[in-house]
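Residues per chain, in single letters:
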Amino acid sequence: MTKWRKRTTTQDAAMGPTPASTVLSPEEEAITVALRQHTQLQLDDCLYALQATTPRLTRSALHRLFQRHGISSLPLAADSKSAPKKKLKAYAETQPQLTKMLAAEFLRRVLAALPYKMHKMLTDNGTQFGNMPHQPYVGRHIFGRACDEHGIEHRFTKPAHP
């Protein structure tokens with residue numbers, strides 16, 4: 001009751017200290033906020049730019065400052081770099097057999113469906129992916145030729161290792 005006796009109004013009074021920077025002066029705080037709003041730099045980039053002039057500034061102090069001023073999150077830009085990434089849909093087929101011709105054709109269909117270029121292919125040592133050392137085939141395996149057509153380096157896993 002004592003705290004209400006000397007008041008002239010019934011409005012709630014502000015409790016506790018007003019939030020202020022313990023590291024920056026009001027002028028430095030205004031400059032920091034203006035830098036963030038004008039350049040739209042990330043937190044770490046702002047910290048790096050300001051540490052030359054304010055060496056006592058820490059990352060957590062800068063983050064609290066941005067939170068107090070409502071600029072802790074940058075707005076999403078409309079360019080393609082910040083657009084949400086599309087989820088890659090899996091490409092799968094079931095085949096009745098494991099033959100080298102089916103493997104090569106499957107590779108061609110997968111490469112046509114991929115939205116990016118494949119550089120390396122890692123497969124097991126099955127006969128559908130390469131010639132066995134004891135088999136007398138002459139020339140490049142058809143799966144290897146399919147990789148060559150698309151500029152893919154074909155590699156094998158170690159024998160008897162998954």
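Residues numbered from 1 in each chain as written. Predicted model: local features only at pLDDT ≥ 70, side-chain atom pairs only at ≥ 80, totals over all residues. Heavy atoms only, no water.

K.L.:
Break down the overall build of the protein chain for me, with residues and values.
P.N.:
Helix and strand counts for the protein chain come out as six helices and two strands. Moving toward the C terminus, one meets the helices and strands of the protein chain in the order α-α-α-α-α-β-α-β. In the protein chain, which comprises 162 residues, the proportion classed as buried is 25%. Restricting the contact set of the protein chain to residue pairs at least 6 apart, pairs at least 24 apart contribute 60%. As displayed, the protein chain offers around 12900 Å² of accessible surface, 58% of which is attributable to carbon and sulfur atoms. (Helix = DSSP H or I, 4+ residues; strand = E, 2+ residues; numbered from the N terminus. Buried < 20%, exposed > 50% of the residue type's maximum accessible area, 1.4 Å probe, protein only. Contact = heavy atoms within 4.5 Å. Areas by Shrake-Rupley, 256 points an atom, 1.4 Å probe, with all protein chains shown as cover.)

K.L.:
Tell me about the packing of aromatic side chains, residues and numbers included.
P.N.:
If you walk through the whole model with that rule in mind, you get two aromatic pairs. Ring centres 5.9 Å apart and planes at 40° place the aromatic pair Tyr91 and Phe106 in the tilted group. Here Tyr91, found in the loop between helix H4 (59–68) and helix H5 (100–113), pairs with Phe106, found in helix H5; they are 15 residues apart in sequence, far enough to count as distant. Seen in terms of ring centroids, Phe129 and Phe143 are 5.0 Å apart; in terms of plane orientation they differ by 75°. Their pairing is edge-to-face. In this pair, Phe129 sits in the loop between strand E1 (120–123) and helix H6 (142–149) while Phe143 sits in helix H6, placing the two residues 14 residues apart along the sequence. Given a relative accessible area of 3%, Phe143 falls into the buried group. (Phe/Tyr/Trp six-rings, centres within 6.5 Å; stacked < 30°, edge-to-face > 60°.)

K.L.:
An account of the layout of surface pockets is needed here, citing residue identities and associated values.
P.N.:
Summary: where empty space remains is shown by rolling a probe the size of a single water molecule over the atoms. Counted as a void, the largest pocket has a volume near 220 Å³. Lining the largest pocket are 15 residues, with Leu102, Ala103, Phe106, Phe129 and Phe143 sitting closest to its centre. Here the lining of the largest pocket is built from residues that sort into 10 nonpolar, four polar and one charged. (1 Å grid on protein atoms, 1.4 Å probe; cavity = no way out; pocket = protein on both sides within 12 Å on 5 of 7 lines; lining within 4 Å. Points joined across faces, edges and corners; volume = space filled by probe spheres on them. Nonpolar A, V, L, I, M, F, W, Y, C, P; charged D, E, K, R; others polar.)

K.L.:
Quick one: what's the story with the environment of Leu107, residue by residue and with numbers?
P.N.:
Locating Leu107 in the fold gives a position in helix H5. Relative accessible area serves as the criterion here: at 4%, Leu107 is assigned to the buried category. Not counting the four nearest positions on each side in its chain, Leu107 is found in contact with Met121, Phe143, Ala146 and Cys147.

K.L.:
Residues and numbers for the confidence of the model for the protein chain, please.
P.N.:
Across the protein chain, the average pLDDT comes to 83, with 84% of residues at or above 70. Across the protein chain, the secondary-structure element scoring lowest on mean pLDDT is helix H1 (residues 2–5), at 69, and the one scoring highest is E1, at 93. (pLDDT = per-residue confidence, 0-100.)

K.L.:
How would you summarise the nonpolar core if you had to cite specific residues and measurements?
P.N.:
Ranked by internal contacts, the top residues of the largest apolar core, which has 14 residues, are Leu107, Leu111, Met118, Met121, Phe143, Cys147 and Ile152. Sorting the residues of this core by element identifies H5 and H6 as the ones contributing at least two each. In terms of residue count, H5 provides more of this core than any other element does, five residues in total. Not counting the four nearest positions on each side in its chain, Met121 is found in contact with Leu107, Phe143, Cys147, Ile152, Glu153, His154 and Arg155. Formed by 13 residues, the second largest nonpolar core is a distinct cluster that contains Leu47, Leu57, Ala61 and Ile71. (Core = buried A, V, L, I, M, F, W, Y, C linked by side-chain atoms within 4.5 Å.)

K.L.:
Which residues make up the packing of helix H2 (residues 26–39) against H4, and what are the values?
P.N.:
The geometry of H2 relative to H4 is characterised by a closest axis approach of 11 Å and an angle of 75° between their N-to-C directions. On the basis of their axis angle, the class for H2 and H4 is roughly perpendicular. In this structure, H2 uses Glu29, Thr32, Val33 and Arg36 to contact H4, whose residues at the interface are Leu62, Leu65, Phe66 and Arg68. Residues of the contact of H2 with H4, tallied by class, amount to four nonpolar, one polar and three charged. (Axes fitted to C-alpha atoms, helices over the stretch in contact; angles between N-to-C directions. Parallel < 35°, antiparallel > 145°, perpendicular 65-115°, else oblique.)

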